[in-house]
Amino acid sequence: MRRDSDIKRDVEEELRSAPSIEAADVAPSVKDGVVMLTGFVHSYIDKFEAEHIAKRVLGVVGVANDLEVRLRGRDERPDPEIARDAVVAIKTRLPLAGQNIKVVVEDGWVTFEGEVEWHYQRALAESTVRWVKGVKGITNLITLRPGPARSPDEIRRKIEEAFRRSAEIDANRVTVETHSGEVILKGAVRSWAERQEAGRVAWTTLGVTNVDNRLAVSV
C-alpha cells in the first residue's frame, strides 16, 4: 500500500503536466488512497480530465471530484444555445438513438432523459456533450430499453468468459453475480483502470441492464 503523501505528490505532478489544466487552482488531498479534488477549473472537460488523471496514479483507490467549473466570460453561453449544440452533437454521433434522447439545460448544467438500447449509446451521448462550449456539468438519466431476455446464468457465463479473454483483467480475482439483468462485480483489482475495464466489459454483455461495480483496488 502506497503512502498517501506519495500518492498526493504524484497526482500533483500529473496535474502539472496536463497542458489544459491550471494546476495551481486544483488542490488534491489523499486519505487512505482516496483522492479528493477541490478548487476550480475553467471547463467541464477539464474537470473530467482532472479526475481521469487522478484515477491513473498508482495507489489511488477512489476519487471524489468536488471541482467547481468556473467558465471564463468568453465561454459563458445562454442555455438555449448550449441545448441546441448538445442536440446537434448527439444526433451527429447517434443518428438513430439520438432521436430518443431529450436534452434539458439549466444554468449550463445538462440533463439527459430518454431510453436507448445499449449502454455505449448512453455513454457516448455524455462523452460527446462534455466538449460543448458552456457546459458546466452533466446528469445522465438515460435508461436502457429491455432487450431479448437472457437467463442470469447465461449473462454471468458470458461476462466471465470475456474477463478470461481480457489481458487487462485478472479474472481469478473477480466474482460475478447476476440477478435478472443486474450484474454485481466483487473482488479485488490491481488498479483503477482495471476496475473501470471490468465495468466496461460487463456493460457490453447483451442482456445487462445495470452494473454494480464493487471491485476494490488492492495494490
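Structure: see above.
Residues numbered from 1 in each chain as written. Predicted model: local features only at pLDDT ≥ 70, side-chain atom pairs only at ≥ 80, totals over all residues. Heavy atoms only, no water.

Draft legend 1. Up close: the side chain of Lys-47. Checked against the element boundaries, Lys-47 lands in helix α2 (residues 44-55). For the buried Lys-47, which has no salt bridge, the nearest side chain bearing the opposite charge is Asp-66, at an N-O separation of 6.8 Å. Other than its neighbours up to four places away in sequence, Lys-47 contacts Val-41, Asn-65, Leu-67 and Val-69. (Helix = DSSP H or I, 4+ residues; strand = E, 2+ residues; numbered from the N terminus. Buried < 20%, exposed > 50% of the residue type's maximum accessible area, 1.4 Å probe, protein only. Lys, Arg positive; Asp, Glu negative; His and termini not counted. Salt bridge = Lys/Arg side-chain N within 4 Å of Asp/Glu carboxyl O. Contact = heavy atoms within 4.5 Å.)

Draft legend 2. Geometry of the packing of aromatic side chains. Taken as a whole, this structure holds 0 aromatic pairs when the rule is applied. In this arrangement the basic side chain of Arg-70 is found over the ring face of Phe-40, its NZ or CZ atom lying 4.2 Å from the centre. The ring of Phe-48 is capped by Arg-130, whose NZ or CZ atom sits 3.6 Å from the centre of that ring. (Phe/Tyr/Trp six-rings, centres within 6.5 Å; stacked < 30°, edge-to-face > 60°. Lys NZ or Arg CZ within 6 Å of the ring centre and 35° of its normal.)

Draft legend 3. Broad picture of the nonpolar core. Counting 58 residues, the largest nonpolar core has Val-110, Phe-112, Val-129, Phe-163, Val-183 and Leu-185 as the members making the most contacts within it. When residues in this core are grouped by element, the largest group, 5 residues, is from helix α6 (residues 192-203). In contact with Val-129, not counting residues within four places along its chain, are Ala-86, Ile-90, Val-110, Phe-112, Val-135 and Ile-138. (Core = buried A, V, L, I, M, F, W, Y, C linked by side-chain atoms within 4.5 Å.)

Draft legend 4. Geometry of helix α1 (residues 4-16). Between its first and last C-alpha, α1 extends 18 Å over 13 residues, near the 18 Å set by a 1.5 Å rise per residue. Within α1 the residues assigned to the buried category are Asp-6, Ile-7, Val-11 and Leu-15. Turning to α1, the residues buried within the fold contact β1 (26-31), β2 (34-41) and α2. (Expected span 1.5 Å × (residues − 1).)

Draft legend 5. Here's a closer look at the layout of surface pockets. Reported here for the largest pocket is a volume of approximately 470 Å³. Around the largest pocket, the lining is made up of 15 residues, and of these Phe-48, His-119, Ala-123, Glu-126 and Arg-130 lie nearest the centre. Those elements that place two or more of their residues in the lining of the largest pocket are α2 and α4 (119-129). Taken together, the residues of the lining of the largest pocket sort by class into 4 nonpolar, 5 polar and 6 charged. Forming the boundary of the second largest pocket are Trp-118, His-119, Tyr-120, Arg-195, Gln-196, Gly-199, Arg-200, Trp-203, Thr-204, Val-211 and Asn-213. Elements represented by at least two residues in the lining of the second largest pocket include exactly α4, α6 and β11 (210-213). (1 Å grid on protein atoms, 1.4 Å probe; cavity = no way out; pocket = protein on both sides within 12 Å on 5 of 7 lines; lining within 4 Å. Points joined across faces, edges and corners; volume = space filled by probe spheres on them. Nonpolar A, V, L, I, M, F, W, Y, C, P; charged D, E, K, R; others polar.)

Draft legend 6. The arrangement of empty space enclosed by the protein in detail. For the structure on display, the rule yields 1 cavity of 30 Å³ or more. Size it by volume and the largest cavity reaches roughly 30 Å³. Considering the residues around the largest cavity, the lining is formed by Ser-20, Ile-21, Glu-22, Asp-25, Phe-40, Val-41, His-42 and Asp-46. Considered class by class, the residues forming the lining of the largest cavity number 3 nonpolar, 2 polar and 3 charged.

Draft legend 7. The side chain of Gln-121, seen in detail. Structurally, the position occupied by Gln-121 is in helix α4. Polar contacts involving the side chain of Gln-121 include one to the main-chain amide nitrogen of Glu-117, which spans 3.1 Å. Leaving out residues up to four positions away in the same chain, Gln-121 has contacts with Leu-94, Ala-97 and Val-116. (Polar contact = N/O pair within 3.5 Å; in protein donor to acceptor, adjacent residues only side chain to side chain.)

By themselves, these figures tell us nothing about what the structure is for.
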